[in-house]
Amino acid sequence: MTITEVSEKFDVSQDTLRYYERIGLLPRVNRNKSRIRDYTEEDCKWVEFIKCMRSAGLPIEVLIEYIGLFQQGDETIEARKELFIEQRKLLITKMEDMRKTLERLDYKIASYEQAIIEKEKALKRPED
């Protein structure tokens, strides 16, 4: 697949794909005879993985560390697992913070809705 096709498939800009490759987040993509990037199915799996992890808030530095460990082979399985366990804990904390914020927003919205209802009731009262 070309970089354009991968960009469209995963809704990631071409510049982002090039950046991920340049910083080592995406393993080096093969090129065809014309020196155009030629993404394999394996490359696309990495793009999908990176996009998923980034959308969950994992920092690029953590993903680079993971890729480095992955490339070292099976002796790093435990380290990779620990890396993900730590990131999972951080994500759970972040989700809890977001849940609390959502509850607060719901409360504020309900308060404004109640204020609007009260104002509308006042407009409907017959004047004495």
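Residues numbered from 1 in each chain as written. Predicted model: local features only at pLDDT ≥ 70, side-chain atom pairs only at ≥ 80, totals over all residues. Heavy atoms only, no water.

An unreviewed UniProt entry lists the protein under the name Transcriptional regulator, MerR family, from Pelosinus fermentans JBW45.

Undergrad: Can you explain unusual backbone geometry? Please cite residues and give values.
TA: Of all residues except glycine, most have a negative phi; of all peptide bonds, most are trans. Unlike most non-glycine residues, Asp11 shows phi in positive territory, near 55°. Mapped onto the fold, Asp11 is located in the loop between α1 (3–10) and α2 (14–22). (Helix = DSSP H or I, 4+ residues; strand = E, 2+ residues; numbered from the N terminus.)

Undergrad: For the UniProt feature "domain: HTH merR-type" (unreviewed entry) in the protein, give the residues involved together with the corresponding values.
TA: UniProt records the feature "domain: HTH merR-type" (unreviewed entry) for residues 1–69 in the present numbering. Taken as a whole, residues 1–69 contains 61% helix and 0% strand, while its terminal C-alpha atoms sit 27 Å from one another. (UniProt positions renumbered as here; feature names shortened; annotations may be inferred.)

Undergrad: Tell me about the packing of aromatic side chains, and please be specific about residues and values.
TA: Evaluated as defined, the whole model comprises seven aromatic pairs. With a centroid separation of 5.9 Å and an interplanar angle of 85°, the aromatic rings of Trp46 and Phe49 are classed as edge-to-face. One end of the pair is Trp46 and the other is Phe49, both in helix α3 (residues 41–55) and three residues apart, which spans about a single turn. Site record: aromatic cluster; members linked through ring pairs are Trp46, Phe49, Tyr66, Phe70 and Phe84. (Phe/Tyr/Trp six-rings, centres within 6.5 Å; stacked < 30°, edge-to-face > 60°.)

Undergrad: Provide a residue-level description of the UniProt feature "coiled-coil region" (unreviewed entry) in the protein, including the pertinent values.
TA: UniProt's feature table lists "coiled-coil region" (unreviewed entry) at residues 95–122, given in the numbering used throughout. Between the C-alpha atoms that bound residues 95–122 there is a distance of 40 Å. The span itself is 100% helix and 0% strand.

Undergrad: Which residues make up helix α5 (residues 77–124), and what are the values?
TA: Helical periodicity: at 3.6 residues per turn, an α-helix aligns residues three or four positions apart in one direction. The end-to-end C-alpha separation of α5 is 69 Å, in line with the 70 Å expected for 48 residues at 1.5 Å each. All of the buried residues in α5 are Arg80, Leu83 and Gln87. In this fold, the buried residues of α5 make contact with α4 (60–72). (Expected span 1.5 Å × (residues − 1). Buried < 20%, exposed > 50% of the residue type's maximum accessible area, 1.4 Å probe, protein only. Contact = heavy atoms within 4.5 Å.)

Undergrad: Could you give an account of the environment of Glu48, with specific residues and numbers?
TA: Structurally, Glu48 is set in helix α3. Judged by relative accessible area, which is 49%, Glu48 ranks as partly exposed. Measuring from C-alpha to C-alpha, the distance between Glu48 and Val12 comes to 9.9 Å, with 36 residues separating the pair along the chain.

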